[in-house]
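# Coordinates in review
So the chains spell out like this:
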Amino acid sequence: MDFFSLWKGIFAIFAYLGFFWFAGAALPEKFHKNSFSNLCLLGFFVYYTAFELAALPMKVLGLPLACLTGLWGCLLLVLFFYVLAFRRRSLWQSLKGMFSGKQKFLWGCFFLLFSCSLALLLAFNINHISEYDAGYYIGLPVSSVYSNTIECMDPYSGSMLSEPSKFYILNTNTIHSAVIFQAINLHPLVEMKFTLTAVMAFLFELLLYKMGILLFRNSCKKAWLFTFFATLSLLFSYSTAGVSHYFAYRTYEGKSICAYFYMTAILVFFCSIWKNKYENKLSYLPLWQAQDLPCRGKDEWGWAGLFFASCSGIVFCNTALFTIPALTGSLLLPYVLKTRSLRILGKSLIVLAPCIFWIVIHFIL
């Protein structure tokens, strides 16, 4: 990786985080409460949901990659100007609230230092173990740009295909890398192994920090300690076929993102829903007595997160067709049975609807 590509990759890290930030801000305030972490995490799923809806029809119709690149560039410009015109308050409030308060500022700085260090450590790791998979993940967007097609050139042989692979027809994360390569000439080798690795590591740490905030009653100190030790337990519990392997060595791959990121995100979103429903009891009662208290508060962020996670999971891996509804359903079913609320049942069905839709589309295509 040459010096120019390195700086372009670093710029892309901030660009990705900015895209997610803006994508989250495009939603009404009730879904994120102008929290920077809420905006970035929710924005990630919104961003890739939008890309799936833009890329899949073009992939199925066999349109040139340049058409998708132009369309996606226009959509990002629309997002940029829309947020600046109508959602400036959310952006400003999220920045203002990041380090408000002495304790929050101190532990927020510790979190940024630790998460950025981990992101760079993984991004500069040159040992990704499975080079055969890397050849496919990186070769496919390169061949797409070379042929100006949407995955209609075999990355191993260079021969043209009549259509994209049926098995991966719903997955569009490699197409996104091709769009970035065609738009700004950032090679997928850098974009995936450096930029996307750093971005996903940072967002994963943000998820852990958010879980710490939920578990330890908004204590920034305890949330940071939870993030630190949870990360250490993951990095020092290595197994070749486990989540730790995917996170440390194959951070950018679709199956990895599904394994360590989506599963964690779904749990965090559900815990956010649970805590907000029983927020008044957490200050003095143990968790198992939560059901004895009346419903209080709402958490539209948690519900929105579950919905967009269901929408966007298929972008990265076909495994998401099964793991996302399985985990989401196993969390929501006891919750619905306990609350016996038609409103919660309706929200749960809406959350699971995209999973059912993608399963149907998978068998149709």
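Residues numbered from 1 in each chain as written. Predicted model: local features only at pLDDT ≥ 70, side-chain atom pairs only at ≥ 80, totals over all residues. Heavy atoms only, no water.

Moving on: empty space enclosed by the protein. For the structure on display, the rule yields 2 cavities of 30 Å³ or more. Its boundaries defined by the atoms lining it, the largest cavity holds a volume of some 60 Å³. What lines the largest cavity is Tyr48, Tyr137, Asn173, His176, Ser177, Glu191, Met192, Leu196, Tyr252 and Phe316. Counted by class, the lining of the largest cavity contains 6 nonpolar, 3 polar and 1 charged residues. Every residue lining the second largest cavity is listed: Ser310, Gly313, Ile314, Ala320, Leu321, Ile324, Pro325, Cys355 and Trp358. Every element with two or more residues in the lining of the second largest cavity is listed here: helix 13 (320-339) and helix 14 (342-364). Here the lining of the second largest cavity is built from residues that sort into 7 nonpolar, 2 polar and no charged. (1 Å grid on protein atoms, 1.4 Å probe; cavity = no way out; pocket = protein on both sides within 12 Å on 5 of 7 lines; lining within 4 Å. Points joined across faces, edges and corners; volume = space filled by probe spheres on them. Nonpolar A, V, L, I, M, F, W, Y, C, P; charged D, E, K, R; others polar. Helix = DSSP H or I, 4+ residues; strand = E, 2+ residues; numbered from the N terminus.)

So, about the layout of surface pockets. Counted as a void, the second largest pocket has a volume near 400 Å³. Elements supplying a minimum of two residues to the lining of the second largest pocket: helix 1 (3-25), helix 3 (65-86) and helix 7 (173-184). For the lining of the second largest pocket, the per-class residue count stands at 15 nonpolar, 3 polar and no charged.

Another aspect to go through is the packing of helix 7 against helix 8 (residues 188-215). At a minimum axis distance of 9 Å, the contact between helix 7 and helix 8 shows a crossing angle of 120°. By the angle between their directions, the pair helix 7 and helix 8 is classed as oblique. Crossing of helix 7 against helix 8: the hand is right-handed. In contact with Thr174, His176, Ser177, Ile180 and Phe181 of helix 7, helix 8 contributes Pro188, Glu191 and Met192. Looking at side-chain class alone, the contact of helix 7 with helix 8 contains 4 nonpolar, 3 polar and 1 charged residues. (Axes fitted to C-alpha atoms, helices over the stretch in contact; angles between N-to-C directions. Parallel < 35°, antiparallel > 145°, perpendicular 65-115°, else oblique. Left-handed = near helix turned anticlockwise from the far one by under 90°. Contact = heavy atoms within 4.5 Å.)

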